[in-house]
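This is what each chain is made of:
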Amino acid sequence: MATSADPATIPDHVPADRVIDFDIFAPPGADRDYFAAWLALRDPAIPALAWTTANGGHWLPTRGDLVREIWGDAGRFSSESLAVVPGLGEVMEFIPLQLDPPEHKPFRNAVMRGFGNSHMVAMTPLVRAVTRELIAGLKPQGACEFMQSFAEIVPIHVFLTLIDVPVEDRARLRPLGQQLTRPDGSMTVTQLRDAADEYLRPYVEARLADPGDDLFSRILSVPIEGRAWTFSEAQRMCRNLLFGGLDTVVAMFGSIAAHLARNPDDQALLRADPAIIPAAADELMRRYPTVAVTRNLTCDVEMDGVTMKEGDLIYLASVLHNLDPASFEDPERVDFTRELNPVRHTTMGNGVHRCVGAGLARMEAIVFLEEWLSAMPEFRLDPDRPARMRAGNVGAFTELHLRWD
Ligand code: HEM
C-alpha cells in the first residue's frame, strides 16, 4: 500500500503521511472478492483521510464516518465531476446526479414524483412475471451463469416496462446494457452515451410532445420552476435513469445470489419464513454495497487535521462505510434480524442525491428472493467454475456459476 510515486506528482498541500497507492479500479484481489479487497484499507496504519497517487491522485476517506459525512455535504463536495476518470463528467452531464443544490432540487423533485411509491407498487406484478418466467426457464437446466442468464436481463425488462416501450426493444438495449455492465473496451464512453441517446431519442421526443402514464412522461410533465423541460434536459435525465438503473441492479442481484449460494443456512431461513424476506433484502443490500462515487471540492475544507483544496477530487466508497465496525456492529455478518434503517447505510448514497430508484431496486430484490427461493431447490456455487468479479464505480460479479440438483 505504501507508494512509490514520484513526490513531484503529489500536490504540495498533501502531507507525506497521508499518501498511499490504491487503485480504485483494481484493488488487489478484487477479481475474486471486491468487498474484501476494499477492506485492506481498514488497516490502522492507513490514515482516516488518505491521498492515493493512483488515477491522477485523489483523496480517499477510509473510515465510515468520514465517507458518510462527506456524502451528505453537497455544499462543499460537488457531484459535478461524476468520476475520477477525466472527461467522464463532461460526457455524461447527468440530471439530476451532476447538478448541485439549489439547481438540483426542481429536477430531483420531478424525478421523485415519477418514482412515487404507488407506481412502484403497481409495477410489482410485472416484475414478478418477468422473474418467474426466467426462473422457469432456468430451473430444468440444473445450473446457470447467473449474471448473463438472470441478473442482466431483469433490469432491462423493468426499465422497458417503466418507460412503456415494446419488450422487443430488449434486443437493442441488451448490447448497450452489456457495455455498461461489462465494458470490453470496444466502445468509448462517448460512443456509449451516443448509443444510449440514439436509443432514447424517439421516446424522449414522444413523451415531451404527448405525455402518457409511463415513467419519462410522469417526470417530464412536472414543470421545472414553472417552465417546461428543454429537450436537452430531458435527454440528460433519461440518460441518467438508464445508466443509473441497469448496472447497479445487475450488481445487486449478483451479490445477493452469491451470498445465498455460499450460505445454505440463510437460504433455509428465508424459505422457512418468507415474511422476513424484506428485512433480509435490506440487510443483504447493506452488507454488499457495490457503488462508489466521486466528489470535487467547491472550497478548501479542513477535515481530520488536513486541509483539502478546492478542486481536489475525493472518492467515496460505500463499502468503507457499511463494513466499518464503528458504523455497524460486526458489519461483515449478515443478520436478517439486525435493526436496520436503510437510510443509515450508504448503499444508496446519502443526502440530496440519495438514489431515486432505491424503492424500485428494493422491490426487485424482494421479488427475486421470493420467486427464486420458492421455485428453486437449494443452490450452490459451481466448484469447477470460480466466480469472478470486477472493481470500478460499480463493483460486480462478471461470472457467477450456480448449480442445483
Ligand atoms: C441496487 C441498485 C441501485 C444502487 C446500489 C444505486 C445506488 C445509487 C447511489 C449510491 C446513488 C448516489 C450517487 C451519488 O451520490 O453520487 C444513486 C443515485 C441515483 N440513482 Fe441509483 N442505485 C440503484 C438503482 C437505481 C435505479 C433502479 C434507478 C433508476 C431506474 C436509479 C437511478 C438513480 C438516479 C437518477 C440517481 C441520482 C439521484 C440524484 O442525483 O438526485 N438507481 N444510486
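1. Considering the nonpolar core
Okay, step 1: Among the nonpolar cores identified, the biggest contains 139 residues, and Trp38, Phe146, Phe150, Leu241, Leu369 and Trp372 are the most heavily contacted of them.
Okay, step 2: Counting residues per element, this core draws most heavily on helix α16 (residues 358–375), which supplies 11 residues.
Okay, step 3: For Trp38, the residues in contact, after removing those within four places along its chain, are Phe22, Ile24, Pro27, Leu60, Tyr315, Ala317, Val319 and Leu320.

2. A closer look at the pattern of salt bridges
Okay, step 1: By the definition in use, this model includes 22 salt bridges.
Okay, step 2: The partner of Asp73 in a salt bridge is Arg76, and the shortest N-O contact between them spans 2.8 Å.
Okay, step 3: For Arg76, a relative accessible area of 30% translates into the label partly exposed.
Okay, step 4: Across the salt bridge formed by Arg403 and Asp382, the nearest N and O atoms sit 3.5 Å from each other. Here the residue Arg403 occupies a position in strand β13 (residues 401–404), and Asp382 occupies one in the loop between β10 (379–381) and β11 (388–390), the gap between them amounting to 21 residues.
Okay, step 5: Note on Asp382: relative accessible area 10%, which makes it buried.

3. Examining the coordination of the iron atom of the ligand
Four donors placed tetrahedrally around a metal ideally meet at 109.5 degrees, and six donors placed octahedrally ideally meet at 90 or 180 degrees.
Okay, step 1: When only protein atoms are considered, the iron atom of the ligand has one donor, Cys355 (SG), at a distance of 2.3 Å.
Okay, step 2: Along the chain, Cys355 turns up in the loop between α15 (318–322) and α16.

4. Some remarks on unusual backbone geometry
Okay, step 1: Omega for the peptide link from Ile95 to Pro96 comes to 10 degrees, which places this bond in the cis form.
Okay, step 2: The residue Pro96 is located in the loop between α3 (88–92) and α4 (104–114) in this model.
Okay, step 3: With an omega of 5 degrees, the peptide bond running from Pro101 to Pro102 counts as cis.
Okay, step 4: You can see Pro102 is positioned in the loop between α3 and α4.
Okay, step 5: Its identity as a non-glycine residue notwithstanding, Asn55 has a phi of 55 degrees, on the positive side.
Okay, step 6: Mapped onto the elements, Asn55 comes out in the loop between β2 (49–52) and β3 (58–61).
Okay, step 7: In this structure Asn55 comes out as partly exposed when scored by relative accessible area, which is 32%.
Okay, step 8: Of note in this structure, Glu225 is not a glycine but carries a positive phi near 45 degrees.
Okay, step 9: The topology assignment puts Glu225 in the loop between α10 (215–220) and α11 (231–245).

Criteria and cut-off values
- Residues numbered from 1 in each chain as written.
- Predicted model: local features only at pLDDT ≥ 70, side-chain atom pairs only at ≥ 80, totals over all residues.
- Heavy atoms only, no water.
- Core = buried A, V, L, I, M, F, W, Y, C linked by side-chain atoms within 4.5 Å.
- Buried < 20%, exposed > 50% of the residue type's maximum accessible area, 1.4 Å probe, protein only.
- Helix = DSSP H or I, 4+ residues; strand = E, 2+ residues; numbered from the N terminus.
- Contact = heavy atoms within 4.5 Å.
- Salt bridge = Lys/Arg side-chain N within 4 Å of Asp/Glu carboxyl O.
- Donors = N, O, S within 2.8 Å, 3.2 Å for Na, K, Ca; no water.

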